[in-house]
Amino acid sequence: MEGVWGPRMFKEYFQYKGISFPRLIYSEQGLREVENEFQVQDDDVFNVTYQKSGTVWMLEILSLIHSNGDPSWCRTVPNWDRGPWYETVLGLQKARSNQAPRLISSHLPVQLFAKSFFQSKAKVLYTLRNPKDVFVSLYHFAQIFRPYKEPGQLDQFLEQFLEGDVPFGSWFDHVKGWMGLRDQENFFWITYEELQQDLRGSVERICQFLGKPLEARALDGVVENASFQAMKQNKMCNFSLAPGFLLDQTQSSFLRKGIAGDWKNQLTAAQSENFDRIYREQMQGLDLSFPWDEP
Ligand code: A3P
């Protein structure tokens, strides 16, 4: 008989309020604590995304802004300690023990987020990315991230993604849920594509939201050290320090291509059209436009 930690257990998911989570790094108890007991502080800054939308990029940007463009912190402390994912079992402990002002990352859908956030002045930065690129990035990530099930054939995984049958649920629900907060002054949103197009201008906007303007040299420091090349070389954010039981980087890497529009190389015309149809259905009525929307 297979032991508790046999290979199947390794990739098992459980459901929490209708959303799948991999058992290896999440627990029902941890999610309940995050939702109901976690004490959000007014000076907390949350880096929130649907997975594969630029989480670690934004985390690096926020860390560098915090350090006035000085890369020392980013080069000496792993990103998961600087801005822990508080819904993971280990991240919750870290988030609780980190000193204020805390930087906290999360992929949680809004309905599972810490309730105390909604009575606080804490800030959320929500980063979105073209969902076709999110899907392609996730397809590759699922092949190297051991807590996730093997994605199988792309076509089959695409169907699951579009139905929201993946960890963290539907991209559409995540985006619609979080964007419901867009009129609140403690909520800021930006896209991966804007970061790509104008990193400096984006950092300036982020600084303005945080109420932390930077001088030109500090801004240079943020932009230089948050580039894809700089991040690839920094072992504190390129996941080369991640244990092998979590990430198998022999096939692909966490910082894979770092471009916008890779979906064009990976999806067939039929897959893309099907995606567009579901996107239109799901997003209709939402008074928002994104860089990837057709004019
Ligand atoms: P790709 O798989 O398309 O390369 P997350 O951090 O939310 O898991 O997202 C990971 C994606 O963001 C990966 O996309 C990764 O390469 C990309 N990324 C991370 N840092 C980046 C940077 N500095 N510039 C551009 N893309 C970056």
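Please refer to the structure placed before this passage.
Structural notes, computed from the coordinates. (Residues numbered from 1 in each chain as written. Predicted model: local features only at pLDDT ≥ 70, side-chain atom pairs only at ≥ 80, totals over all residues. Heavy atoms only, no water.)

So, about the sheet that holds strand 4 (residues 103-106). Sheet architecture is open: four strands sit in the order 4-3-5-6, paired in parallel fashion. A single partner strand is all that each edge strand has here, and the edge strands are strand 4 and strand 6 (187-191). Averaged over all adjacent pairs, the angle separating strand axes in this sheet is 20 degrees, with direction ignored. Of the strands in this sheet, strand 3 (45-49), strand 5 (123-128) and strand 6 are in contact with helix 9 (residues 171-179), which crosses strand 5 at around 145 degrees. On the sheet, helix 11 (residues 199-210) packs against strand 3, strand 5 and strand 6 and is oriented at approximately 170 degrees with respect to strand 6. (Pairing = 2+ DSSP bridges. Helix = DSSP H or I, 4+ residues; strand = E, 2+ residues; numbered from the N terminus. Axes fitted to C-alpha atoms, helices over the stretch in contact; angles between N-to-C directions. Contact = heavy atoms within 4.5 Å.)

Moving on, we get to the packing of helix 11 against helix 12 (residues 216-225). Between helix 11 and helix 12, whose axes approach to 10 Å, the crossing angle comes to 115 degrees. For the pair helix 11 and helix 12, the sense of crossing is right-handed. Touching Leu199, Arg200, Val203 and Glu204 of helix 11 are Ala216, Leu219, Asp220, Val222 and Val223, all from helix 12. (Left-handed = near helix turned anticlockwise from the far one by under 90°.)

Judged by nonpolar contacts, the single largest core of 97 residues is most densely connected at Phe21, Phe46, Ile61, Tyr86, Phe161, Trp171 and Ile206. The contacts of Phe21, once residues within four sequence positions are left out, are Glu12, Tyr13, Phe14, Tyr16, Tyr26, Leu31, Leu108, Leu112 and Phe168. (Core = buried A, V, L, I, M, F, W, Y, C linked by side-chain atoms within 4.5 Å. Buried < 20%, exposed > 50% of the residue type's maximum accessible area, 1.4 Å probe, protein only.)

It is worth spelling out the site of the ligand at this point. Close to the ligand lie 19 residues; Thr55, Ser137, Tyr192, Lys257 and Gly258 are nearest. A distance of 3.0 Å is found between an oxygen atom of the ligand and a backbone nitrogen or oxygen belonging to Ser53. Residue Arg129 places a side-chain N or O atom 2.9 Å away from an oxygen atom belonging to the ligand. Computed on the free molecule, the ligand has an accessible area of 570 Å², of which 97% lies beneath the protein chains in the complex. (Near = heavy atom within 4 Å. Polar contact = N/O pair within 3.5 Å; in protein donor to acceptor, adjacent residues only side chain to side chain. Areas by Shrake-Rupley, 256 points an atom, 1.4 Å probe, with all protein chains shown as cover.)

Our focus in this paragraph is the pairing of strand 5. Taking burial as the measure, the six residues of strand 5 include five buried ones, the bulk of the element. Sheet topology places strand 3 next to strand 5; five bridges connect them, and they run parallel. Across the sheet, the residue bridging to Thr49 is Thr127, located in strand 5. Bridge count between strand 5 and strand 6: five bridges; the pairing is parallel. Bridging across to strand 6, Val124 finds its partner in Phe187.

It is worth spelling out the layout of surface pockets at this point. Approximately 1,100 Å³ is the volume found for the largest pocket. What lines the largest pocket is a set of 49 residues, among which Val56, Trp85, Phe141, Phe239 and Phe254 lie closest to the centre. Residue assignment for the lining of the largest pocket shows that the elements contributing at least two residues are helix 3 (55-66), helix 5 (79-82), helix 6 (89-97), helix 7 (131-144), helix 10 (192-197) and helix 13 (228-233). For the lining of the largest pocket, the residue count by class is 29 nonpolar, 14 polar and six charged. A volume near 520 Å³ is recorded for the second largest pocket. In terms of lining residues, the second largest pocket is bounded by 24 residues, among which Asp276, Tyr279, Trp292, Asp293 and Glu294 are the most central. If you list the elements that add at least two residues to the lining of the second largest pocket, you get helix 7, helix 14 (263-266) and helix 15 (269-283). Sorting elements by how many residues they give to the lining of the second largest pocket places helix 15 first, with six residues. (1 Å grid on protein atoms, 1.4 Å probe; cavity = no way out; pocket = protein on both sides within 12 Å on 5 of 7 lines; lining within 4 Å. Points joined across faces, edges and corners; volume = space filled by probe spheres on them. Nonpolar A, V, L, I, M, F, W, Y, C, P; charged D, E, K, R; others polar.)

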